[in-house]
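Here's the letter readout for the chains.
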Amino acid sequence: MEIEKNYDGSSLLIALTGRLDTLSAPELDVVIKTALIGVKSLVLDFSGVDYVSSAGLRVLLSAQKMMNKQGKMLIRNVSRDIQEVFRMTGFDSIFTIETPAG
């Protein structure tokens, strides 16, 4: 998985490419935990994500819990397949999700 971070003041955009699975989730967890100091808005761009495992969902839930204390989190550009994973697990009611236009 590729992880790209872009700061804009108190906002952080993390663009992900690849699979968010058992192998890549720990790396994303470390990136998020070290990058959120002072961040009021976290946007995760999922346009390049093609798979999310339960390990990935745990990392996203942990990030959401952190952001609930200090700001807001948005998951953007979520594919239909991953939207379905969020829906089936009930995570669609926990996360703010923005789907691609069209």
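Structure's up top.
Calculation rules
- Once a new chain begins, its residue numbering starts again from 1 and follows that chain's sequence as written.
- For this predicted model, a pLDDT threshold of at least 70 governs which residues receive local features, and a threshold of 80 or more governs which side-chain atom pairs are given and counted, while totals over whole chains, interfaces and linings are taken from all residues.
- To obtain the side-chain values, all non-hydrogen atoms of the structure were included, while hydrogens and water were left out.
- In this description, strands pair whenever DSSP reports at least two bridges between them.
- Only DSSP runs of H or I covering at least 4 residues are called helices, and only runs of E covering at least 2 are called strands; the numbering of each starts at the N terminus.
- Residue contacts are defined here by distance: any two heavy atoms, one from each residue, within 4.5 Å place the two residues in contact.
- Buried Ala, Val, Leu, Ile, Met, Phe, Trp, Tyr and Cys residues form a nonpolar core when they are joined through side-chain atoms within 4.5 Å.
- Summary of the burial criterion: residues with accessible area below 20% of their type's maximum are buried, those above 50% are exposed, and those between are partly exposed, where the area comes from a 1.4 Å probe applied to protein chains only.
- Seen with its strands pointing away from the viewer, a crossover is right-handed if its path from the first strand over the helix to the second goes clockwise.

Undergrad: How should I be thinking about the pairing of strand E1 (residues 2–8) in this particular structure?
TA: Pairing of E1 with strand E2 (residues 11–20) involves seven bridges; the strand directions are antiparallel. Bridging across to E2, Lys-5 finds its partner in Ile-14. With antiparallel pairing between neighbouring strands as the criterion, E1 and E2 make up a hairpin whose turn holds two residues, including Gly-9 at a positive phi of roughly 65°.

Undergrad: Sorry, what's going on with the side chain of Asp-45 here?
TA: When you line up the elements, Asp-45 lands in strand E3 (residues 41–52). Leave out the neighbours within four places in its chain, and Asp-45 touches Leu-13, Ile-14, Ala-15, Leu-16, Arg-76 and Asn-77.

Undergrad: Please explain the nonpolar core as it appears in this structure.
TA: One recurring pattern in soluble globular proteins is that nonpolar side chains are buried together. Ranked by internal contacts, the top residues of the largest apolar core, which has 29 residues, are Ile-14, Leu-42, Phe-46, Ile-75 and Phe-86. Among the elements of the structure, E2, helix H1 (25–35), E3, helix H2 (54–70), strand E4 (72–76) and helix H3 (80–89) are those that each provide at least two residues to this core. No other element matches H2, which puts six residues into this core. The contact partners of Leu-42, leaving out residues within four places of it in the chain, are Leu-12, Ile-14, Leu-36, Ala-63, Met-67, Lys-72, Met-73 and Leu-74.

Undergrad: Could you clarify how one ought to interpret the pairing of E4 in this entry?
TA: On any regular strand, side chains alternate: one points to one face of the sheet, the next to the other face. As paired elements, E3 and E4 share five bridges and run parallel to each other. Residue pairing in the sheet places Leu-44 in a bridge with Ile-75 of E4. The parallel pair E3 and E4, bridged by H2, forms a crossover whose chirality is right-handed. Direction of pairing for E4 relative to strand E5 (residues 97–98): parallel, over a ladder of two bridges. Each bridged residue has a counterpart across the sheet, and for Ile-75 the counterpart in E5 is Ile-97. This β-α-β element, E4 to H3 to E5, shows right-handed connectivity.

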